[in-house]
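So you can see what is in the structure, the chains are spelled out below.
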Amino acid sequence: MKTLLLLCLTISTWPVLANHAANYFESIKQDPVKLRQFLQQFPKGGDLHNHLSGAIYAESYLEWASADGKCIDLSTYIITPPPCEGTKPLRQLMADTSTEPLEPVIDAMSTRNYERRGVSGHDQFFATFNRFRSAATGRFGDMVAEARQRAGRQNMVYLELMLSLGMLEVTQLAAESGNLDAPYGERIDHTKVDTIVETVIEHFDAIEKRQSELLGCTADADTQPTGCDVTVRYQAQVLRTFAPIQVYAQTLLAVKLMQADPRVVALNFVAPEDHRIALRDYHQHMQFVAELSAAFPSQPAGITLHAGELTMGLVPPEDLGWHIRDAIETAGATRIGHGIDIAYDDNMDALLNSMAEQDILVEINLTSNDVILGIKDADHPLPTYLEYGVPVTLSTDDEGVSRIDLTHEYQRATTTYDLSYLQLRYFARNSLQYSFLSGAPLFKDTADGSAITACATDDLGAVAPSSNCAEFLAQSPKARLQWELERRLSAFEASF
Ligand SMILES: [Zn+2]
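None of the values given here were measured: they were computed from a predicted structure.

> How should the overall build of the protein chain be read in this particular structure?
Counting its regular elements, the protein chain contains 22 helices and 13 strands. Against the globule reference of 23 Å for 496 residues, the protein chain gives a C-alpha radius of gyration of 23 Å, in line with a compact fold. When its C-alpha atoms are laid out on the principal axes, the protein chain stretches across 70 × 60 × 50 Å. Counting over 496 residues, the protein chain shows a buried share of 47%. Across the protein chain, every contact between residues at least 6 apart in sequence was considered, and the portion connecting residues at least 24 apart equals 75%.

Next up, the structure:
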């Protein structure tokens, strides 16, 4: 039904301002310069699939590591903490650009120019994280500030950032004293996990304080520097290439964090899905998520999982075509990251219909899929998801490593799939509708733009909503941010 609406809505049924924007969009779609400008200004809502460490550009990591007295191994391009024994002080390297240019370092810390270097996009991509890991230490506040500022410049209002705070600590605890065969509650010392939870919350407090100071955010909404009006929430990312008890412990920590801190709205599983351990234990991991989220029924279940980020050749065929289904049916995921291998499912038609029926959103990462998996253009399942009415939105995955931004992904989607303005607006609306922000969503249906009953007759985004709608908005942080997106969309469309 949704598909039908999306495909059949004609320009003549839209409000006249959207009509002007859509006409202009069609007239400049083939002009990359004007299209970039249009999409940069276009209110895009949020980015729901964004790994904080991968969102940072190498240039920033190098600046921070240099200021922090860190070092670099010039044979591996791995940044290390001081002292610089057998390695080069970054401060020295940064000052001496004439003899040791930073270009190869930046290439090594990203997928820039990877085609020239005889390494696969997959291997280059995953190799970067180890190179800049040490540069990120102590700089998480700076990293959030960078992500937020970049989002603000692109007329975005929301980021869901993934990070693994406390995960290595709980992994260590699990290795020392965990026992997966023990009954629930005794597999790992919950008191010790709770102590890690407290430390992580303190870390979040420090991150929030630092990023706000860096951005210069004030209480006055009218004079806020760029980025201060971007709402940030976090996903706890479980590293899935560890032993089962260690993945279990991380999942427990993620669930406890969601329960303890409203800034942590979801859990996610990360690290290469094609990794030997990730493949071997995939179903067991889904069972961990199911068991642990059932153990904490009172908390909002923000479960989004990287699933189906696989393709023929990368892994044996037996590993293809069931991860998406398992993430939804076993783990209870309400969002899927990537969803590339859907074509290999035993009954794709039924799965897609059920995803549309259950409103399971797919976070689409076009550039990432191209570089890591070699999946692009007609090989990408985005058009199939659209055809079946499965909700989708565009996201960046790792904008720093991939040297992109969200506008770039909107542009890539537009030119590759000849999308309409209406479809882009649908993506933007979905990015908030399906976010894990608390509260009820504004839309009954983002495909046709119909709002829930309380706001059904309102001009969306209006300064003075009706009393019923105002009452609804007052109770829902999610709907309030959606209202702000609608205000921006109205203003944007009125400019044509
Ligand atoms: Zn990802």
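> Looking at this model, I keep getting lost on the pairing of strand β6 (residues 231-239). Mind explaining?
For β6, the tally of buried residues reaches 7 of 9 residues, placing the bulk of the element in the interior. Where strand β5 (residues 156-163) meets β6, 6 bridges bridge the pair, whose relative direction is parallel. Across the sheet, the residue bridging to Y158 is T231, located in β6. Bridge count for β6 against strand β7 (residues 264-270) is 6 bridges, and the pairing is parallel. If you follow L239 over to β7, its bridge partner there is V270. Between the parallel elements β6 and β7, the chain passes through helix α12 (residues 244-260) in a crossover that is right-handed.

> Looking at this structure, how should I read the nonpolar core?
Side chains of nonpolar character tend, in soluble globular proteins, to be buried together. The biggest cluster of nonpolar side chains holds 120 residues, and the ones touching the most others in it are Y61, A236, A249, L253, A327 and V392. By residue number, the principal contributor to this core is α12, which donates 10 residues. Setting aside residues up to four positions removed in sequence, Y61 forms contacts with I56, M109, F132, A135 and A136.

> Honestly, the packing of helix α10 (residues 167-177) against α12 in this entry has me stumped. Any pointers?
Think of two packed helices as two axes; the pair is described by the angle between the axes and how far apart they sit. At a minimum axis separation of 8 Å, α10 and α12 run at an interaxial angle of 135°. Viewed along their axes, α10 and α12 adopt a mutual orientation that is oblique. Where α10 crosses over α12, the two elements pack in a sense that is right-handed. Along the contact surface, α10 presents M167, V170, T171, L173, A174 and A175, while α12 presents I245, Q246, A249, Q250 and L253. Residues that form the contact of α10 with α12 fall into these classes: 8 nonpolar, 3 polar and no charged.

> Is there a simple way to explain the sheet that holds β5 in this structure?
Strand order in the open sheet made by the 4 strands is β1-β5-β6-β7, with parallel pairing throughout. Looking along the sheet, the strands with just one partner apiece sit at the ends: β1 (45-51) and β7. The sheet shows a mean angle of 25° between the axes of neighbouring strands, taken without regard to direction. Its contacts with the sheet put helix α9 (residues 140-153) on β1, β5 and β6, and the angle it makes with β5 is roughly 150°. Seen against the sheet, helix α22 (residues 477-494) touches β1, β5 and β6 and runs at an angle of roughly 135° to β5.

> What am I meant to see in the sheet that holds strand β2 (residues 71-73) here?
The strands making up a sheet are joined through hydrogen bonds of the backbone, oriented either antiparallel or parallel. Judged by pairing direction, the sheet is antiparallel, and its 3 strands sit side by side in the order β3-β2-β4 without closing on themselves. Two strands lie at the open edges of the sheet, namely β3 (78-80) and β4 (88-89), each paired on one side alone. Bridge count for β2 against β4 is 2 bridges, and the pairing is antiparallel. By the bridge assignment, C71 is partnered in β4 with P89.

> In this structure, what is going on with unusual backbone geometry? I would like to understand it.
Excluding glycine, residues mostly carry a negative phi; peptide bonds, for their part, are mostly trans. A cis geometry characterises the amide bond from P82 onward to P83, with omega recorded as 0°. Summarising the element assignment, P83 is placed in the loop between β3 and β4. A positive phi angle, near 80°, is found at H338, a position not held by glycine. A tally of 28 C-beta atoms within 10 Å means that H338 is categorised as buried. For R403, which is not glycine, the phi torsion reads 55° and is therefore positive.

> Explain the pairing of β1 here, please?
Along any regular strand, the residues point their side chains to alternate faces of the sheet. Most of β1 is tucked away, with 7 of its 7 residues classed as buried. As paired elements, β1 and β5 share 5 bridges and run parallel to each other. Its bridge partner lying in β5, G46 is registered against Y158.

> Where do I start with helix α16 (residues 348-358) in this structure?
An α-helix turns once per 3.6 residues; consequently, residues spaced three or four apart project the same way. Among the residues making up α16, those that are buried are L351, L352 and M355. An end-on view of α16 places all buried positions within 95° of arc, on one side of the element. Exposed side chains of α16 directed beyond 90 degrees from the buried face belong to D349, A350 and E357. Note on α16: the residue one or two positions beyond its end, D359, has a positive phi of about 60°.

Conventions used here
- Residues numbered from 1 in each chain as written.
- Predicted model: local features only at pLDDT ≥ 70, side-chain atom pairs only at ≥ 80, totals over all residues.
- Helix = DSSP H or I, 4+ residues; strand = E, 2+ residues; numbered from the N terminus.
- Rg over C-alpha atoms; globule rule 2.2 N^0.38 Å.
- Buried ≥ 20, exposed ≤ 12 C-beta atoms within 10 Å, placed from the backbone.
- Contact = placed C-beta atoms within 7 Å.
- Pairing = 2+ DSSP bridges.
- Right-handed = clockwise from strand over helix to strand, strands pointing away.
- Core = buried A, V, L, I, M, F, W, Y, C linked by C-beta atoms within 7 Å.
- Axes fitted to C-alpha atoms, helices over the stretch in contact; angles between N-to-C directions.
- Parallel < 35°, antiparallel > 145°, perpendicular 65-115°, else oblique.
- Left-handed = near helix turned anticlockwise from the far one by under 90°.
- Nonpolar A, V, L, I, M, F, W, Y, C, P; charged D, E, K, R; others polar.
- Arc of directions from axis to C-beta.

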